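Structural features, examined
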Amino acid sequence: MNAGFIGTGNMGKILIEAFIESNALKPSAIHITNRTFEKAANLKKEYPKINLYLTPEEIARQSELIFICVKPLDIHPLLVKLSPYLRKDQCIISITSPINVEQLQSIVNCQVARAIPSITNRALSGVSLLTYGNCSPSMRKSIEELFQAISNPFTIDDHITRVSSDIVSCGPAFFSYLLQRFIDAAVRETEITKHQAVQLTSEMVIGLGKLLESELYTLPTLQEKVCVKGGVTGEGISVMEAEIGEVFEHLFQRTHRKYNEDLREVKEQFEIYE
């Protein structure tokens, strides 16, 4: 199956690299373009067999799956431009959360889906979030198999799109920030070097991930096993309980507020074009 990528920024590039590394797609089956052409040209230097094109229309002519990896407000005019070149056996896959499959279907006559990836997919792990529009069973199977090669795909409904994306797609950045603060505090408060703290923290996180993957412990039981009554871990947990407060509630409130702003902007744009 030929796959086209319109947009080779961070997430577009991550998807392409992951699909190639997992052998889900051969470089020769990948067709790319980017508004800043140099970015796409640099990717072709890494993978010479990738097919490089100047315009999105050329991608539409060549590809069965067409990944739209551009900013939300760029999607409507792009799809209007592509629409005359699309066939019913093709599928548009948007990777942006504010635009739903019904909005995509209002512009194009081909099949549509939404796939929200995570940076963890670059390591062929983590979750990808899928929402299908008017896809045929065979197209759904093709998309599912493609994402199974780089992730654990979850099919979600619109009403949990933002929170699911917060956990899966934004989560690595959120927890990377917390881990960096953890490391910085260790260096400030003790005699450990930053290199040592980074190394130990990284190995701890990798081990924690493997432990959870093994399903030997749930998150609560893991805390119980480590947190011995009256011990050092308990003292640390008591500080976190006292000081973290409602930080995560506020985080979800803020991301949902921004998401709702994006939804309004996208809706207004679609109404203007209608």
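Structure: see above.
Presented here is an overview of the structure given in this document. (Residues numbered from 1 in each chain as written. Predicted model: local features only at pLDDT ≥ 70, side-chain atom pairs only at ≥ 80, totals over all residues. Heavy atoms only, no water.)

Description of the packing of aromatic side chains
Inspection of every chain in the model, using the stated rule, returns six aromatic pairs. Ring geometry for Phe5 against Phe67: centres 4.7 Å apart, planes inclined by 5 degrees, an arrangement best described as stacked. Placement of Phe5 in strand β1 (residues 3–6) and of Phe67 in strand β4 (residues 65–68) is noted, with a sequence separation of 62 residues between them. Like Phe5, the residue Phe67 is buried in the burial classification. Here the aromatic rings of Phe19 and Phe67 are separated by 5.9 Å at their centres, their planes lie at 45 degrees, and the arrangement is tilted. A residue pair is termed long-range when its members are at least 10 positions apart, and Phe19 in helix α1 (residues 10–21) and Phe67 in strand β4 qualify at 48 residues. Here Phe19 and Phe67 have matching classes, each one buried. (Phe/Tyr/Trp six-rings, centres within 6.5 Å; stacked < 30°, edge-to-face > 60°. Helix = DSSP H or I, 4+ residues; strand = E, 2+ residues; numbered from the N terminus. Buried < 20%, exposed > 50% of the residue type's maximum accessible area, 1.4 Å probe, protein only.)

Quick notes on unusual backbone geometry
Phi at Asn23 is positive, roughly 65 degrees, even though this residue is not glycine. Here Asn23 is to be found in the loop between α1 and β2 (30–33). Of note in this structure, Leu124 is not a glycine but carries a positive phi near 55 degrees. Looking at where Leu124 falls in the secondary structure, it is placed in the loop between β6 (111–116) and β7 (127–132).

Concerning the nonpolar core
Phe5, Phe19, Leu65, Phe67, Ile143 and Phe147 are the most contacted members of the largest nonpolar core, which totals 30 residues. No other element matches α1, which puts five residues into this core. Every residue in contact with Ile143, bar those within four places of it in the chain, is listed here: Leu65, Cys91, Ile93, Ala113, Leu130, Tyr132 and Cys135. Among the nonpolar cores identified, the runner-up in size contains 21 residues, and Ile59, Leu78, Leu104 and Cys110 belong to it. (Core = buried A, V, L, I, M, F, W, Y, C linked by side-chain atoms within 4.5 Å. Contact = heavy atoms within 4.5 Å.)

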